[in-house]
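Now for the letters of each chain:
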Amino acid sequence: MNAVSDSSPLIFFTKLGRLDLLGKLFGKVLVPKQVLAEIGEKDGAVQNIEKCLFVEIKPVRVSRRLFLGEGETAAILLALRAKESVVLLDDRKARVAAKSFGLKPLGTIGVLVMALQRKIIKKKEYLRLLELLIKNGFRMSIELYDFAKKQVEGGEN
């Protein structure tokens, strides 16, 4: 299962030093050129993203913007055109828009949960990455934080 990504998950997984999780979970991650432009030179993220063998940069023509940012619009359009159902988005409006097109939006926290469930990361690292996200400016509701914390209850790992 491949995925298309907007800027936020790419930026935060770069900050976490775990961009590799995207490749392990999705095989290939398609990224619109507009998303790279949005990321700019923040923390060397673009260079790290472009070096990843699992990342494929794609040009996307955006004729209208769906009431979203250009990167979010391009990610949704690319997912539709490439027939990829999973689109990595953190913005709530963008996630609602993606769902309305029949796509499956997945945010940064959802990717971490998936990595935990598939035993790509252990509970201790999951919790460390969750706290590191917050320290790096990731904003989430109390409900999302509670949900994320509850993912480590039960089971061994």
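Throughout what follows, the structure given in this document is the object of discussion.

With that settled, the discussion passes to the nonpolar core. Ranked by size, the top nonpolar core spans 40 residues in total, and within it Leu 22, Phe 26 and Tyr 126 carry the most contacts. Those elements that provide at least two residues to this core are helix 1 (7-16), helix 2 (20-26), strand 2 (29-32), helix 3 (33-39), helix 4 (45-51), strand 4 (86-88), helix 7 (108-117) and helix 8 (123-135). A per-element tally of this core places helix 7 first, with seven residues. If we ignore the near neighbours within four places in the chain, the residues touching Leu 22 are Leu 10, Phe 13, Gly 27, Val 29, Phe 54, Leu 88 and Val 111. The next biggest cluster of nonpolar side chains, apart from the first, holds 16 residues, and it includes Val 60, Ala 74, Ile 76 and Leu 77.

Here we come to the packing of aromatic side chains. Counted under the stated rule, the structure contains one aromatic pair. Centroid distance Phe 12 to Phe 138: 5.1 Å. Interplanar angle 85°. Geometry classified as edge-to-face. Taken as a pair, Phe 12 in helix 1 and Phe 138 in the loop between helix 8 and helix 9 (142-150) lie far apart in primary sequence, 126 residues in all. Comparing Phe 12 with Phe 138, the two get one shared label, buried.

Following both chains from N to C, one finds helix 1 and helix 7 inclined at 55°, their axes separated by 9 Å at the closest point. Here helix 1 lies oblique to helix 7, going by the angle between them. Residues Ser 8, Pro 9, Phe 12 and Phe 13 of helix 1 form the contact with helix 7, whose participating residues are Thr 108, Val 111 and Leu 112. Residues belonging to the contact of helix 1 with helix 7 are distributed by class as follows: five nonpolar, two polar and no charged.

Note on placement: Leu 80 falls in helix 5 (residues 70-81). A residue is classified by how much of its surface remains accessible, and Leu 80, at 31% relative accessible area, is partly exposed. When neighbours within four sequence positions are excluded, Leu 80 is seen to be in contact with Phe 101 and Leu 103.

What counts and what doesn't
Residues numbered from 1 in each chain as written. Predicted model: local features only at pLDDT ≥ 70, side-chain atom pairs only at ≥ 80, totals over all residues. Heavy atoms only, no water. Core = buried A, V, L, I, M, F, W, Y, C linked by side-chain atoms within 4.5 Å. Buried < 20%, exposed > 50% of the residue type's maximum accessible area, 1.4 Å probe, protein only. Helix = DSSP H or I, 4+ residues; strand = E, 2+ residues; numbered from the N terminus. Contact = heavy atoms within 4.5 Å. Phe/Tyr/Trp six-rings, centres within 6.5 Å; stacked < 30°, edge-to-face > 60°. Axes fitted to C-alpha atoms, helices over the stretch in contact; angles between N-to-C directions. Parallel < 35°, antiparallel > 145°, perpendicular 65-115°, else oblique. Nonpolar A, V, L, I, M, F, W, Y, C, P; charged D, E, K, R; others polar.

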